[in-house]
Structures are given as structure tokens and as C-alpha cells.
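Residue-level structural notes
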Amino acid sequence: MDELVWGAVISSVVLVAVGGLVWWLWGACALALTGAVGTVIGGVLSLLPVVLLPDQDVALRVSFGITVLAVAWLLGWAIASGIRGQRLAREAEAHALGAARNAAPRV
């Protein structure tokens, strides 16, 4: 059972690292920041049952559940961030195209 405990600890540390990486890479997007903060908090919360609960079976089950929720949280916010970025890029392209059409000389 010790291997499973170490696996839970490593997955918690990886969650915190991934949240920090998302924060560093996509820090300008509020949606990505929300996902990153939730992932870091989820990583810390998933480590707590392993450290605090005396029953290893219950601790591993709770830790796994929190880990899955934190990963789903990050995935959802990353998808929302990508959709928002795509929408903003299309709006900027349409705006640039409209400005180019207005600036073109009329014959």
C-alpha cells in the first residue's frame, strides 16, 4: 500500500506543478488563471487526506476523488480559455478586414 500512497503524493505534487505552469504560460487570461488556481488548490487538498487520515484506504480514495476533480476543473477552464481565445482572434480578424476595406481607395 506504500506505493499507492507515494503515487498519491506524486500526483498531488504534479497537480501543483501543472497549475503553476499554466499560471506562468497563460497568466494573461483570466479563465486560465481560474483553472490554474483551482488546480493548485486541488493539488494541495488532495495531499491533505494522505497526510491527515489514519486509514490509508479511505485516504487514497478521497485523494483520488479530489485529484480527478482538480484535473476536470483545469480541463474545463483550459477549454473555455481556448474557446475565448479563438473567438477573440476571429473578432480581431474581422475588425482588421473591415478596417482594410474602409482604407482601400475607391475607384
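This report concerns the structure included in the present document.

Points about the overall build of the protein
Secondary structure summary: the protein contains 3 helices and 0 strands in total. Order of helices (α) and strands (β) in the protein, N terminus to C terminus: α-α-α. Overall, the protein is about 80 × 20 × 20 Å in size when its C-alpha atoms are taken along their principal axes. Of the contacts made within the protein by residues no fewer than 6 positions apart, 68% connect residues no fewer than 24 positions apart. Element-wise, carbon and sulfur atoms account for 73% of the exposed surface of the protein, whose accessible area totals about 7,400 Å².

As for helix α1 (residues 2-25)
Its 24 residues give α1 an end-to-end C-alpha distance of 34 Å, which sits within 8% of 34 Å, the value for a rise of 1.5 Å per residue. Of the positions making up α1, those classed as buried are Val5, Ala8, Val9, Ser12, Leu15, Gly19 and Val22. Contacts from the buried residues of α1 go to α2 (30-52) and α3 (56-103).

Quick notes on a nonpolar patch on the surface
A cluster of nonpolar residues, Val16, Trp23, Val37, Ile41, Val44, Leu45, Leu48, Val51 and Leu52, forms a patch on the protein surface that exposes about 800 Å² of accessible area. With 7 residues, α2 is the single largest residue contributor to the nonpolar patch. Of note, valine 51 is situated in helix α2.

What about the environment of arginine 87?
Within the fold, arginine 87 resides in helix α3. Judged by relative accessible area, which is 44%, arginine 87 ranks as partly exposed.

So, α2
When the terminal C-alpha atoms of α2 are compared, their 33 Å separation across 23 residues agrees well with the 33 Å that a helix rising 1.5 Å per residue should span. When α2 is considered as a whole, its buried residues turn out to be Ala32, Gly35, Ala36, Gly38, Thr39, Gly42, Gly43, Ser46, Pro49 and Val50. Elements that come into contact with the buried residues of α2 comprise α1 and α3.

Examining the packing of α1 against α2
Where α1 meets α2, the axes come as close as 8 Å, and the angle between the chain directions of the two elements is 160°. Taken together, α1 and α2 sit at an angle that is classed as roughly antiparallel. Of the two elements, α1 crosses α2, and the hand of that crossing is left-handed. Here α1 contributes Val5, Ala8, Val9, Ser12, Leu15, Val16, Gly19, Gly20, Val22 and Trp23 to the contact with α2, which in turn contributes Ala32, Leu33, Ala36, Val37, Thr39, Val40, Gly42, Gly43, Val44, Ser46, Leu47 and Val50. Its residues placed into classes, the contact of α1 with α2 shows 15 nonpolar, 7 polar and no charged.

The rules behind each value
- Residues numbered from 1 in each chain as written.
- Predicted model: local features only at pLDDT ≥ 70, side-chain atom pairs only at ≥ 80, totals over all residues.
- Heavy atoms only, no water.
- Helix = DSSP H or I, 4+ residues; strand = E, 2+ residues; numbered from the N terminus.
- Contact = heavy atoms within 4.5 Å.
- Areas by Shrake-Rupley, 256 points an atom, 1.4 Å probe, with all protein chains shown as cover.
- Expected span 1.5 Å × (residues − 1).
- Buried < 20%, exposed > 50% of the residue type's maximum accessible area, 1.4 Å probe, protein only.
- Patch = residues over 30% accessible without salt bridge, like charges linked within 9 Å, V, L, I, M, F, W, Y side chains within 5 Å.
- Salt bridge = Lys/Arg side-chain N within 4 Å of Asp/Glu carboxyl O.
- Axes fitted to C-alpha atoms, helices over the stretch in contact; angles between N-to-C directions.
- Parallel < 35°, antiparallel > 145°, perpendicular 65-115°, else oblique.
- Left-handed = near helix turned anticlockwise from the far one by under 90°.
- Nonpolar A, V, L, I, M, F, W, Y, C, P; charged D, E, K, R; others polar.

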